[in-house]
Amino acid sequence: MKEINSLRLKLRHYALLLILNAFANISFAQYVIKGTVTDATTGYGLPGVNIFLKGTNIGTITNVDGTYSIEIPAKKSVLVYSFVGYKTKEVDITQSSTIDVSMEVEVIQLEASVVVGYTTEKKKDLTGSVAIVNLSDVKDLPADNIIKNIQGRIPGLFVTTDGSPGSGARITIRGTGTINNNDPLFIIDGVPTKSGMHELNAKDIESVQVLKDAASASIYGSRAANGVIVITTKSAKLEKTRIEFASNWSLQQYTSKLDPLNTEERGRVYWQACVNDRLSPTNPIYNYVWNGDFNHPILASITYPEYIDPNKTMKPADTRWFDEISRPSVLQNYNLTVSKGGDKSRSLFSIGWYDNKGIIKETHFSRVNARFNSSFNLLNNRLTLGENFTMSFQQEVLINASDVLFTSLVQQPIVPVHTEDGGWGGPAPGMTDRQNPVRLIEDNKQNRYKYSRPFGNVYLQLDPIKNLTIKSSFGIDYSLYYARAIQKKYVSGFLVENNNTLTNNMNYYGNYVWSNTATYKFNIKKHSADFLLGTEQIKYKSEWYSASRQGYVSEDLNFAYLSSGAKNQLNAGGGSLSTLLSYFGKVNYSYNDRYLLSFTLRRDGSSRFGKNNRYGNFPAVSAGWRISEEKFLKDHISFPFYLKLRAGWGVNGNQEINDLAIYNIYQIVYSKEDPIWDNPTSTYHPRLGTAYDIQGINQGQLPSGYIYSQIGNNDLKWESTAQTNLGIDFTLFNDLSGSIDYFIKNTKDILYYRTLPSAVGEANIQMVNGGNIRNTGLEFMLNYRKKINDLTLDITGNLATLKNKVEYIPENLLINAPLSYIVPNEAKTELDRSIITGHSVNSIWGYVADGLFQNQAEVDAHAEQTGKGIGRIRYKDLNNDGVINEKDQTFIGTVDPKLTYGLNLDVQYKYFDLSLFVQGVSGISVYNGYKTYTDFASLWPGTNWGRRTLHAWSPENPHSTIPKLTILDRNNEGRVSTYFIEPGSYLKLRNITLGYELPPKVASRYQIQQVRVYLQGQNLITIKNKGFTGTDPENPNYAYPIPAIYTLGLELTF
Amino acid sequence: MKRIAILSISIIILALSFGCSDFLNVKPQGIIGDAELSTPENIDGFIIAAYAQLANDHYTVPNLLWPYGDLRAGDAYKGGDGPADIAIFHAFEIFSTIQPDMSAYSPSVLGDLNNKKWERQFVGISRVNLALNRLKDLTVKAYPKKLEREAELRFLRGHYYFDLKILYNRIPYFDETATVADILATSNVALTSSALWDKIAEDFRFAADNLPELQTDKGRPDKYTAKAYLAKVLLYQAYEQDENYNVININHSKLTEVVSLIDEIIGSNHYKLTDDFAENFLCEYENGPEAVWSIQRSINDGTLTGNLDFSAMLSAPMSNEYGCCWFHIPSQNLVNAFKTDADGLPMFDVFNNTDLDLNTNTVDPRLNHTVAMPNLPWKYETQLIYTVKDWTRRPDIYGNFSSLKENVSPYCECFKRIPPFMSSSKNTILIRYSDVLLWKAEALIELDHLDEARIIINEIRQRAKSSTGRLHYADGTPLANYNISTYSSFPNKEFARKALRMERRLELAEEGIRFFDLVRWGIAKETMDEYFQTEKLKRAYLVDAAFVKGKHEYLPIPQQQIILSKGLYKQNPGY
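Residues numbered from 1 in each chain as written. Chains lettered and ligands numbered in written order. Predicted model: local features only at pLDDT ≥ 70, side-chain atom pairs only at ≥ 80, totals over all residues. Heavy atoms only, no water.

(A) Local environment of the overall build of chain B. Helices and strands together make up the secondary structure of chain B, namely 20 helices and 15 strands. Scaling as 2.2 N^0.38, a compact globule of 575 residues should have a C-alpha radius of gyration of about 25 Å, and chain B matches this with 27 Å. Expressed as lengths along the three principal axes of its C-alpha atoms, the size of chain B is roughly 115 × 55 × 45 Å. Counting over 575 residues, chain B shows a buried share of 68%. Within the structure as shown, chain B displays about 18,300 Å² of accessible surface, and the carbon and sulfur contribution to it stands at 53%. In chain B, 62 positive and 75 negative side-chain charges are present, and the distance between their average locations comes to 4 Å. (Helix = DSSP H or I, 4+ residues; strand = E, 2+ residues; numbered from the N terminus. Rg over C-alpha atoms; globule rule 2.2 N^0.38 Å. Buried < 20%, exposed > 50% of the residue type's maximum accessible area, 1.4 Å probe, protein only. Areas by Shrake-Rupley, 256 points an atom, 1.4 Å probe, with all protein chains shown as cover. Lys, Arg positive; Asp, Glu negative; His and termini not counted. Charge placed at Lys NZ, Arg CZ, Asp CG, Glu CD.)

What follows is the structure in structure tokens.
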């Protein structure tokens, strides 16, 4: 009782205090400072400005009209005013209790903090190449994947993506450096991960920084060779409770679509192809009435049978398959963030829902993110405890969109969607074995995967003595994937499946990371330095299984669980485990704020390497010279300017190889891994089976054995990338700023599977180190920011060049080039070292198509080429030996973009804002594999073809570049050749946004701090090279097309 | 106090973070250590894996050698969706586009299938050598079946090398004693062709000497399987060839051994011809009396699809009962070869003058066991009528037939769909007893024992004659006018050769054998020239076909292997 009473007393005491504070500027050892913060140019009040008492956590934030009030314990102190985009200002408080501050716009945010690896640095002190994403430019974009949204905005960052609702995006920083994994390392709130970013809610992200060069990335040495992307999520500011709500609704639809033939055209092209070959056009589905004269063929009419299939279920149709599978669709996004700050604790909670119904019917992706972070200051602010925790849950319908898109192009239009009695239409005799894309959608729409990813860390920060900070952080990043899918029975033309199969998959993977760091800072006169020492331990584990059964009496997923199946129980599973242990240190030194020096050393151990080579050392040094501070410049230049020269060199490591690479592998492979397709690629080596029906009893459990499938290599060591970076940061006249970087990136001891002659047998692959690849490039970033009265103009442009070259490849390596995942597998070739050395690893190898033969004289004059003829492709006899054969292949294209660029324009006028972003690449080749369908009747004779076949070469149409129609591919025109190489340059209007913010004075009447609405269009215009015959050069093959998206958005802050 | 607390926490953190030196010692997941496998129980696993490679084939690298033995022999067209549908097999058919590196051929996603075949044979050999090496370390006491299993393994090695030899001629040869370094130093031209045959024969000799007369496991070869295979090797070796693959000598001592080996087999009564030819190609009669050496296929065996006959995965026709992919299409020339004259004998030189017309011609019953023809029942199912419209895929390019032997009835228990393909668990017979008997007849003819050969050929023909029980429509009328009889005499060696060679074609059609016969006999060039001359008038795509003597008898050594061997391997002549 007594305690409660005393508590009440205390409360009363505090209440009184508050009242007194509110009415008078006096208090018991507390002082209240009030005032207004305004923009120096416009004079308007600035809302949201951070104000804190220097050296403490005491702080506040300005109201909508720019007014503030703050309590401080002592009169003699300094208040710091900071706001994004403005120069930070410090004001000494002496007597006055009212302090009005006017803030000046800052062009480059030299004081802005940059997270550079376990610590932060000010931008002006940076000596490496670090790009900071201006998130305000992308905040209005639908929040699916942050990587997708920053495409084109950072020079040297190449992003490829597609339009699928689950939106994968792949990223390469400064070129393809290695033959194995080229993905960068992500650091989210200090937790490293190589997992995808689309589980992260883009709206939760406070900042994204890209550490491009070795000097800045090397502190993450172990896995930083492909660059590091540091993502910091939002946390509470020093302020009262703040509620933010943001939402957008989008409509998306195709702007580009493929152009296949309709039923009548398909019939006509087939007829033409046959008569060109002087073959009688006989076809089970088309009956031709024609004059029968091969010299002067004339087609009178085409008739169709009553039914196209033997069972008489399908009447001839004229199906527009693409229209049957696509739709305009809706994308929605809602986010609520509640935060509260204080000098003892801060916390933030956010919840987001993202829901994307894709433009392929029934495709659907949804994601819920919940995030919580808080921090507590204890022991007089000398101990901080905190955590960041994110839980993301997503699900997606398991429809294979690229299969659906592909079959919608190639399924013949004469096939109806449904049979007369409502069953599935499908290929009839005479057609190729392609599925009905509508069936692929409808039979799979009930199947989904569920995926959850708990992610986050807890940390403890101590300041035991002045300037020394010790921090310990324990983070986790786990993923849980679960899918249960039924494959239904079907009859779809001659494609029949009599069994249904339920498959259950589960995959659990992830890692924990424990890192400990100590930092110490000191300033003596003109010298200042800070030291960082740390250790890190990471343990990665994955386990998976899959199981299936057949024989389900009902295909309803409410029934179809594993146990409900009657027959054919199958299962499989596996796992992997690896660890990393690292020690690192960093020293930053600055003299007179002018000369900057930074030195990093990291020592990493990885369980993936043999005992002798577990550890790799990764040093880096960099230096900066703020030359504009030098008297000899300062005295001679009258206008305001800032200039910093930077130079850095460092080494990073890569260990992205199989956990088992050092071991001899003996395996049991009861069931061969890819029985139906049996198609090994450079990255996928399906194991052949070890079970055999030795007793000849035909069924039941088989005896099985072992294979030796890999020769171990105990000498494996870290692959390393040494990078030199030279850079300049500058500002002129306060409104123009920019940076220029030049880099040379050399990767050596590349980890790859070498292939021995097949005579060695099954274990003819072995992971080894060897080979050098060099990337060089120039990157420019330029920003112009001007404020003229009510108008603010902000233009940012970036441009990057890239050149990739294989410098050296050791013996026995065949590179499966191009490495780039943009290139379809059919255009990849295994190339000998002697061929690829000196070329980009992304070079395509093949024949040179040298136009079409126009007449017999040209045919006769040409080298020996089996199948040559009038209207056929002429291949160049590169070695002039009079025969066209494999020796006439060469490098026919490079899929590295020579130049990538982006331009962002922001205009703000009073309460309106307009932004516009264009992005492009040039000097890139694409392999347009779709051309085998769009240009030929002979390469896939049983499918539908593109409308381009209507414009094929003929004596009457001699200027056509499309080969003469034929049904017999005598000339082997499907071979990899320049015929399929097209320029992939494009310029896209990525997005344009118009926003309006309610004037604060109006908003505040409704107790609202800020209201903004906006309209936005994405991917509205694409300018592409005339030589590109597909739909979207960014997505040339069977990928999910990128839709145009129209968005309406709302932002509310209370 | 506080300061002490803070300091001590700091020290604890720092101490902990430098602990744990074992952190990087993790156990590899999901694999077994080398040593754990060298026990007698585990040896069986290595042996089974060596067998398993027999069934690890695929339509891109079939162990029933149809793309290599039939497409190159004028017995079958590639089929499928046109020449571009697996352009490498199209190249096999027309020869003129075969080249050492075919990786850019469409659909290039499949890779260079010539290279893939080479690779798969050596996977088999490496599995055998691995097992042999482990076996060697065991005592007979610890593993009583040591010698017998060694014999089985050497049989398997002989088999894998045999296919390599007939495909590529010059191949690197090594046994289980070779280390990786030894293998890397072994050229494909280190041994002469004849020395290679000796090596292969050696394995079969060992197997024949050490295998039991009877095996309880049907998948294991026994003494007679080994003797049969040895006879086959010797038969091939007997035809001695020069650099241009001309037969320059026929080695009589080898042929004499062939005859005596086969006589031993006959004398053992181990095998016999089935009563009906059909039984060799039906699941119900698997491992029957005529199956000398088969790949054991299985279904519902706990593997993903069943260890089905993946080599036949493309052969099914297009009707609703099947659906894909109509490859391996009997040629018009082959079909015409089944015509019989008024005496019921093959028409050696004139069979191809006109195309077979079932209304007017008489035929050998084996035609309807081998070739599906328009408007006839499919695979003995009288309710299923094969039609051009619904069953074929590209009749405009490849004509109207389909291959029957490797296919099964859609109603068979052994039939299985693995969309978009289908196949069955029917075993693949690699050596049939009738094949063995015909080797003997062939040897006898070359040894001038014409009459003894005639008796064998007549035995084969007699069986064919009595194999009409399944060849009728639903109402019982026969599918064709069958007129087949036996030879009353062989007037001379030339005639006997023709009879033998024709008999082999008719008896073994579509079983992936004929091209190797032609090369053995040294008549590939003239046979193919003659075939192309008439066939290209019927099939427009053959217009580019051309056979170069001294080159096209063998496939090129895959360019990739030459690169990987750093030039140690020498390319076959002509490429």
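(B) Region of interest: the overall build of chain A. On a plain count of helices and strands, chain A comes out with 12 helices and 55 strands. Here the C-alpha radius of gyration of chain A, 33 Å, is about what a compact globule of 1054 residues would show, namely 31 Å. Counting only C-alpha atoms, chain A reaches 110 × 70 × 60 Å along its principal axes. When the 1054 residues of chain A are sorted by exposure, 57% land in the buried category. If you take every contact in chain A between residues at least 6 apart in sequence, the share linking residues at least 24 apart comes to 68%. As displayed, chain A has an accessible area near 41,900 Å², and 56% of this comes from carbon and sulfur atoms. Each charge class in chain A was averaged separately, 106 positive and 99 negative side chains, and the resulting centres sit 7 Å apart. (Contact = heavy atoms within 4.5 Å.)

(C) Spotlight on the interface of chain A and chain B. Taken together, the contacts link 125 residues of chain A with 124 residues of chain B. Carbon and sulfur atoms make up 60% of the area that chain A and chain B hide from each other, which totals about 10,800 Å². Between Asp544(B) and Arg970(A) there is a salt bridge, with its nearest N and O atoms 2.6 Å apart. Broken down by element, the residue count for the side of chain A that touches chain B peaks at 10 residues, all from strand 30 (residues 567-591) of chain A. Of the residues contributing to the side of chain A that touches chain B, the split by class is 58 nonpolar, 46 polar and 21 charged. (Buried area = accessible area lost by both parts, 1.4 Å probe. Salt bridge = Lys/Arg side-chain N within 4 Å of Asp/Glu carboxyl O. Nonpolar A, V, L, I, M, F, W, Y, C, P; charged D, E, K, R; others polar.)

(D) Geometry of the pattern of salt bridges. Residues and elements named next belong to chain B. Scanning all chains against the criterion turns up 88 salt bridges over all chains. Note that Glu152 is salt-bridged to Arg149, the shortest N-O span being 2.6 Å. Pair noted here: Glu152 and Arg149 are both in helix 6 (residues 146-168), with a separation of 3 residues, about one helical turn. Note on accessibility: Glu152 and Arg149 belong to one class, buried. Between Glu503 and Arg461 there is a salt bridge, with its nearest N and O atoms 2.8 Å apart. With Glu503 in helix 17 (residues 493-508) and Arg461 in helix 16 (residues 450-465), this pair connects stretches of sequence that are 42 residues apart. When its relative accessible area of 0% is taken as the criterion, Glu503 is described as buried. Three or more residues are tied together by salt bridges with common partners; here these are Glu290, Asp364, Arg366, Lys405, Arg432, Arg461, Arg463, Glu503, Glu507 and Glu511.

(E) The packing of helix 15 (residues 433-446) of chain B against helix 16 of chain B, seen in detail. All names here are of chain B. Viewed as axis vectors pointing N to C, helix 15 and helix 16 meet at an angle of 155°, and their least axial separation amounts to 7 Å. As far as their axial angle goes, helix 16 and helix 15 are roughly antiparallel. Between helix 15 and helix 16 lies a crossing of left-handed hand. Residue-level contacts link Ser434, Leu437, Leu438, Lys440, Ala441, Leu444 and Ile445 of helix 15 to Leu450, Glu452, Ala453, Ile456, Ile457, Glu459, Ile460 and Arg463 of helix 16. For the contact of helix 15 with helix 16, the class distribution of residues is 10 nonpolar, 1 polar and 4 charged. (Axes fitted to C-alpha atoms, helices over the stretch in contact; angles between N-to-C directions. Parallel < 35°, antiparallel > 145°, perpendicular 65-115°, else oblique. Left-handed = near helix turned anticlockwise from the far one by under 90°.)

(F) Spatial organisation of the sheet that holds strand 4 (residues 67-72) of chain A. All names here are of chain A. In space, the 3 strands of this open sheet follow the order 4-1-7, with mixed pairing throughout. In the strand order of this sheet, the two ends are held by strand 4 and strand 7 (101-103), each with one partner. Ignoring strand direction, the axes of neighbouring strands in this sheet form an average angle of 35°. One ladder, built from 3 bridges, connects strand 1 (residues 31-39) with strand 7; its direction is parallel. Looking at the pairing, Thr38 lines up with Ser102 of strand 7. (Pairing = 2+ DSSP bridges.)

(G) Structural detail: the nonpolar core. Ranked by size, the top nonpolar core spans 273 residues in total, and within it Ile360(A), Tyr692(A), Tyr161(B), Leu367(B), Met373(B) and Val436(B) carry the most contacts. Contact partners of Met373(B), with chain neighbours within four places excluded, come to Val335(B), Leu356(B), Leu358(B), Leu367(B), Asn368(B), Tyr386(B) and Phe401(B). By size, the runner-up hydrophobic cluster in this structure holds 38 residues, among which are Ala131(A), Ile538(A), Leu580(A) and Val651(A). (Core = buried A, V, L, I, M, F, W, Y, C linked by side-chain atoms within 4.5 Å.)

(H) Structural context of a nonpolar patch on the surface. Residues and elements named next belong to chain A. There is a patch of nonpolar side chains on the surface, built from Trp249, Tyr909, Tyr911, Phe912, Leu914, Leu994, Tyr996, Val1013, Leu1015 and Leu1048 and spanning about 890 Å² of accessible area. At the level of secondary structure, the elements contributing two or more residues to the nonpolar patch comprise strand 50 (912-922), strand 53 (986-997) and strand 54 (1010-1024). Its location among the elements puts Leu914 in strand 50. Residue classification places Leu914 among the partly exposed residues on the basis of a relative accessible area of 32%. (Patch = residues over 30% accessible without salt bridge, like charges linked within 9 Å, V, L, I, M, F, W, Y side chains within 5 Å.)

(I) Main features of the packing of aromatic side chains. Summed over all chains, the structure comprises 75 aromatic pairs over all chains. Centroid distance Tyr706(A) to Phe46(B): 5.3 Å. Interplanar angle 50°. Geometry classified as tilted. Taken together, the residues Tyr706(A) in the loop between strand 34 (665-667) and strand 35 (707-710) and Phe46(B) in helix 2 (residues 40-55) connect one chain to another. Each ring, one from Tyr531(B) and one from Phe532(B), has its centre 5.4 Å from the other, and the planes form 55°; the classification is tilted. Counting every residue linked through ring pairs, the aromatic cluster contains Trp118(B), Phe122(B), Tyr161(B), Tyr168(B), Tyr173(B), Phe174(B) and Tyr569(B). One cation-aromatic arrangement involves Lys471(A) over Tyr459(A); the distance from NZ or CZ to the ring centre is 4.8 Å. The ring of Tyr875(A) carries Arg975(A) above its face, with NZ or CZ at 4.1 Å from the centroid. (Phe/Tyr/Trp six-rings, centres within 6.5 Å; stacked < 30°, edge-to-face > 60°. Lys NZ or Arg CZ within 6 Å of the ring centre and 35° of its normal.)

(J) Just empty space enclosed by the protein, in detail. Throughout the structure, instances matching the rule amount to 19 cavities of 30 Å³ or more. Around the largest cavity sit 23 residues that line it, and Lys148(A), Asn149(A), Gln1018(A), Asn1019(A) and Ile1045(A) are the ones nearest its centre. Elements that contribute at least two residues to the lining of the largest cavity include exactly helix 2 (146-149), strand 21 (345-357), strand 53 and strand 54 of chain A. Along the walls of the second largest cavity sit 21 residues, with Leu65(B), Lys232(B), Leu430(B), Gly512(B) and Ile513(B) positioned nearest its centre. Those elements that place two or more of their residues in the lining of the second largest cavity are helix 6, helix 9 (223-238), strand 14 (428-432), helix 15 and helix 18 (514-521) of chain B. In terms of residue count, the dominant contributor to the lining of the second largest cavity is helix 6 of chain B (4 residues). (1 Å grid on protein atoms, 1.4 Å probe; cavity = no way out; pocket = protein on both sides within 12 Å on 5 of 7 lines; lining within 4 Å. Points joined across faces, edges and corners; volume = space filled by probe spheres on them.)

(K) Examining the confidence of the model for chain B more closely. Chain-level pLDDT for chain B is 94 on average; 96% of the residues reach the 70-or-more range. Reported for the predicted complex are a pTM of 0.85 and an ipTM of 0.95. (pLDDT = per-residue confidence, 0-100.)

(L) Summary view of the side chain of Asn783(A). Residue and element names in this part refer to chain A. With respect to the helices and strands, Asn783 occurs in strand 40 (residues 772-788). A relative accessible area of 15% means that Asn783 is categorised as buried. In this structure the side chain of Asn783 is engaged in a polar contact, spanning 3.5 Å, whose partner is the backbone oxygen of Ile795. (Polar contact = N/O pair within 3.5 Å; in protein donor to acceptor, adjacent residues only side chain to side chain.)

(M) Fine view of the environment of Asp881(A). Mapped onto the fold, Asp881(A) is located in the loop between strand 47 (873-875) and strand 48 (889-894). There is a polar contact of 3.1 Å between the side chain of Asp881(A) and the backbone nitrogen of Val883(A).

(N) Inspection of the environment of Pro573(B) at higher detail. Residue and element names in this part refer to chain B. Within the fold, Pro573 resides in the segment after helix 20 (559-564). Judged by relative accessible area, which is 38%, Pro573 ranks as partly exposed. Taking C-alpha positions, Pro573 is 38 Å from Arg149, a pair spaced 424 residues apart along the chain. Residues contacting Pro573, with those up to four places away along its chain left out, are Tyr245, Gly550 and Lys551.

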